[in-house]
Amino acid sequence: MISRYPRLLGLLLLLWVGVVGCQSSRPVAPPLVARFFLEVRPGEGGVLLTLPVSGVPITVNAKPVIVENDIVNAEIARVDLGPCLLLQLTPAASRDLYRLSVAQHGQRLVLVLNNVPVGARRLEPAMAADGILIFIETPVTDLAEQVARLKRTSN
């Protein structure tokens, strides 16, 4: 009878440690999935996306040309016009971007984060293969958090 209490106390202590150990003190932000869609040529069918701040409508192909698995890193880049997003690509995605920029220069790539269009940039002939610089239509104060979430998603 006496040996039962230490066992019960030990079991309760173990249960308490398990419950307390499973609680997290900081919530983890959900992943941020980045995808690029290519603008269609005039007269072609596609999906209409509208940028949130400028209200610019752009019709794009339904299938993305760059997906979250193609992105290896995200950084904040400081350029003459201010801070922007730099998305670095895998070697295979870089080659695809180069070929796409040669064949489709002048058309726009639209960046979509978690299914929300946030930015667009024109394809230049023979774009640099290491990454994509893009200004996004979200508050500059949110840029650091978005970069951190993109990094977690891409790794």
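**Things to note about the nonpolar core**
Then comes step 1: Among the nonpolar cores identified, the biggest contains 25 residues, and Phe36, Leu85, Leu87, Leu97, Leu109, Leu111 and Leu150 are the most heavily contacted of them.
Then comes step 2: Elements represented by at least two residues in this core include exactly strand 1 (34-38), strand 4 (71-79), strand 5 (82-89), helix 2 (91-103), strand 6 (108-113), strand 8 (131-134) and helix 3 (143-154).
Then comes step 3: When near neighbours in sequence (up to four residues on either side) are disregarded, Leu111 contacts Ala34, Arg35, Phe36, Leu85, Leu87, Val116, Pro117, Val118, Gly119, Ile134 and Ile136.
Then comes step 4: One finds Phe37, Leu51, Ile58 and Val110 within the second-largest nonpolar core, a separate group that totals 7 residues.

**Considerations on the pairing of strand 5**
Then comes step 1: Across the 8 residues that make up strand 5, a large majority, 6, are buried.
Then comes step 2: Pairing of strand 4 with strand 5 involves 8 bridges; the strand directions are antiparallel. Looking at strand 5, one finds that Ile76 is bridged to Leu85.
Then comes step 3: If you look at the hairpin formed by strand 4 and strand 5, you'll find 2 residues sitting between the two strands.
Then comes step 4: The sheet contact formed by strand 5 and strand 8 spans 4 bridges and is antiparallel. Each residue of the ladder has a partner; that of Leu87, found in strand 8, is Ile132.

**Here's the deal with helix 3**
Note that an α-helix has 3.6 residues per turn; residues three or four places apart therefore point the same way.
Then comes step 1: With 12 residues, helix 3 should cover 16 Å at 1.5 Å per step; its first-to-last C-alpha distance of 16 Å lies within 8% of that length.
Then comes step 2: Among all positions of helix 3, only Leu143, Gln146, Val147, Arg149, Leu150 and Ser154 are buried. Each buried residue of helix 3 sits inside an arc of 165° when the element is viewed along its axis, so together they form one side.

Cut-off values and rules
Residues numbered from 1 in each chain as written. Predicted model: local features only at pLDDT ≥ 70, side-chain atom pairs only at ≥ 80, totals over all residues. Heavy atoms only, no water. Core = buried A, V, L, I, M, F, W, Y, C linked by side-chain atoms within 4.5 Å. Buried < 20%, exposed > 50% of the residue type's maximum accessible area, 1.4 Å probe, protein only. Helix = DSSP H or I, 4+ residues; strand = E, 2+ residues; numbered from the N terminus. Contact = heavy atoms within 4.5 Å. Pairing = 2+ DSSP bridges. Expected span 1.5 Å × (residues − 1). Arc of directions from axis to C-beta.

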